[in-house]
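Structural characterization, general
Each chain, written out:
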Amino acid sequence: MANIPKTMKAIRLHEYGGDYRFHDDIPVPSNLDDYEVLIAIKSAGFCHTEMLVRDGIFKAKQLPLIPSHEPTGIIVAMGAKVSNEFKLGDRVGALNLSHSCGQCPDCLNDKPLYCEDFNATGITIDGAFAEYQKADSHWLVPLPDEISFEQGAPLMCAGATVFNAIERCALKKGEILAIVGLGALGHLAVQFAKCMEFKVVAIDNRPEPLELVQKLKYSPDLTIDSSQIDTANAIEQINTLQSATTTKNYPGADVTLVLTDPIVAYKYALAITKKHGTMVVVGQPREPIQIEFRDLIFRDITVKGSLLSSIESARRMVKFVAKHGIQTEIKTYSLEEVPNKMMEDFHSPHMKGKLVVNVSL
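Per an unreviewed UniProt entry, the protein chain carries the name Enoyl reductase (ER) domain-containing protein and comes from Rotaria magnacalcarata. In its Sequence similarities (unreviewed entry) section, the UniProt entry covering the protein chain states "Belongs to the zinc-containing alcohol dehydrogenase family." As stated in UniProt under Cofactor (unreviewed entry), the record for the protein chain gives "Zn(2+)".

What follows covers the overall build of the protein chain. Check the secondary structure of the protein chain and you find 11 helices and 17 strands. By principal-axis analysis of the C-alpha atoms, the protein chain measures approximately 70 × 40 × 40 Å. For the protein chain, the proportion of its 361 residues judged to be buried stands at 53%. Across the protein chain, contacts joining residues at least 24 apart in sequence account for 69% of those joining residues at least 6 apart. Accessible area for the protein chain stands at about 16500 Å²; split by element, carbon and sulfur atoms hold 49% of it. Distance from the positive charge centre (37 side chains) to the negative charge centre (44 side chains) of the protein chain: 4 Å.

Another aspect to go through is the environment of T231. Topologically, T231 is positioned in helix α7 (residues 231-239). Judged by its relative accessible area of 25%, T231 is partly exposed. Residues T231 and Y268, 37 residues apart in the sequence, show an inter-C-alpha distance of 6.4 Å. When near neighbours in sequence (up to four residues on either side) are disregarded, T231 contacts Y268, A271 and I272.

What follows concerns the pattern of salt bridges. One pass over the full model with this rule turns up 17 salt bridges. The salt bridge involving K134 is made with E36; its shortest N-O contact spans 3.8 Å. Here K134 is found in strand β8 (residues 132-136), whereas its partner E36 is found in strand β3 (residues 36-46), with 98 residues between them in sequence. Overall, K134 belongs to the partly exposed group, its relative accessible area being 27%. By relative accessible area, which is 8% here, E36 ends up buried. In this structure, E85 engages R315 in a salt bridge whose closest nitrogen and oxygen atoms are separated by 2.9 Å. In this pair, E85 is assigned in the loop between β4 (71-78) and β5 (91-94) and R315 in helix α10 (residues 311-324), connecting sequence segments 230 residues apart. By relative accessible area, which is 23% here, R315 ends up partly exposed.

In this section: the side chain of D204. Residue position: D204 is located in strand β11 (residues 199-204). Taking relative accessible area as the criterion, D204 reaches 6% and is therefore assigned buried. A distance of 3.1 Å separates a polar atom in the side chain of D204 from the backbone nitrogen of R206. Discounting residues that sit within four places of it in the chain, D204 has contacts with G181, L182, G183, P209, L210, I224, D225 and S226.

Domain parsing of the protein chain yields domain 1 (7-156 + 311-358) and domain 2 (160-305). Between the C-alpha centres of domain 1 and domain 2 there is a distance of 28 Å. Opposite the 29 residues of domain 1 that make contact, domain 2 presents 20 residues. Here domain 1 meets domain 2 over a buried area of about 2000 Å², counting both sides, of which 57% is carbon and sulfur. Where domain 1 packs against domain 2, one counts 2 salt bridges. Here R316 makes a salt bridge to E167, at a shortest N to O gap of 2.9 Å. The element best represented in the side of domain 1 that touches domain 2 is α10, accounting for 7 residues. Here the residues of the side of domain 1 that touches domain 2 sort into 15 nonpolar, 9 polar and 5 charged.

Calculation rules
Throughout, a residue's number is its position along its own chain's written sequence, starting from 1. Selection of residues for local features in this predicted model requires a pLDDT of at least 70, selection of side-chain atom pairs for listing and counting requires 80 or more, and totals for whole chains, interfaces and linings are taken over all residues. Hydrogens and water molecules were not included; the side-chain quantities draw on all heavy atoms of the structure. UniProt positions are given in the numbering used here, feature names are shortened, and annotations may be inferred rather than shown by experiment. What counts as a helix is a DSSP run of H or I of at least four residues, what counts as a strand is a run of E of at least two, and both are numbered from the N terminus. Relative accessibility decides the category of a residue: with a 1.4 Å probe and only protein chains considered, values under 20% of the type maximum give buried, values over 50% give exposed, and everything between is partly exposed. Contacts were defined at the residue level, with two residues in contact if any of their heavy atoms lie within 4.5 Å. Each accessible area is a Shrake-Rupley estimate made with a 1.4 Å probe; only the visible protein chains count as cover when residues are assessed. Counted charges follow a simple rule, with Lys and Arg positive, Asp and Glu negative, and His plus the chain ends left uncounted. Every charge is mapped to an atom, namely NZ of Lys, CZ of Arg, CG of Asp or CD of Glu. Every case where a carboxyl oxygen of Asp or Glu lies within 4 Å of a side-chain nitrogen of Lys or Arg is listed as a salt bridge. Distance and chemistry together define a polar contact, namely a pair of N or O atoms within 3.5 Å, with one atom able to donate a hydrogen and the other to accept it when in protein, and with adjacent residues in sequence counting only for side-chain atoms on both sides. Domain borders in the structure are assigned automatically or taken from a domain database. Using a 1.4 Å probe, buried area is obtained as the accessible area two parts lose upon being combined, added over both of them. In the scheme used here, Gly and all other residues not listed as nonpolar or charged are polar, with Ala, Val, Leu, Ile, Met, Phe, Trp, Tyr, Cys and Pro taken as nonpolar and Asp, Glu, Lys and Arg as charged.

Set out below in structure tokens:
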């Protein structure tokens, strides 16, 4: 670990419900285990999940905690058993999983993402709002040269999550995907789905995200302002995207993907999902999602969730982004700006896209 300083700049959460604090004297992580790497952080994203940790809904192993689970940077130190796929100096990102137990039914059935005894960087253990971060090398994602560090950071959670969720939708080309919630995840989902050749309906109740997705390189086939258009009229508009060569179409979207928290969004999504269709839940509302038995029994709607991403899906996603030139709408900050300026922007009703901290570009 030559040329690595002993201390670093970092943001810390000291108490649940409290404000973030900037520090310039935090010890650099040391004592890597055999499968860990040390990443010199270049950029790191801020995710909605950070607020669930700050508010104590998700609990850290201990406080204070360094937030952010969307890192990109350069490998500067490696454990003895890290795969030879990686070397010092590599550009990487990392998913937030760390040290799944390897013994539970999920781990033994090749589903470590669902292990209940693992750590998550930025959530249960220190994350990426710092100059250096430890990462489990099993969850590293090589970052192609075509993707900058600040563009790569949002891909490590927002991008990976929606790409995996869309893959789980199991849609065929030409089928209709309605995306409800056009924030950081939603505007990426629109681009992914268009490049996968689905028909895309983008839905939100805020003008800024609706305007943003219409200006994207890969823009949706239809945008709907849910504050102005009720579900009956929304279905009528969605039906115009259906193939005119068959009379077997059911009204509504084949799949709805919900990427936001307000309960009204789930009611809206269920209503516009076609009979025998699917609603995929990615948002994490703090209130229970209400689903009527009629939707499950008489309309035969399938409701399922989608959690982050497998490492294989995340690596496919990064290559997909590089191939198609997909861009994330970002606003950047320094570490020092996190406690005040960035948090003020995060809570603004006019926020759009993704907030990214440039640590050392």
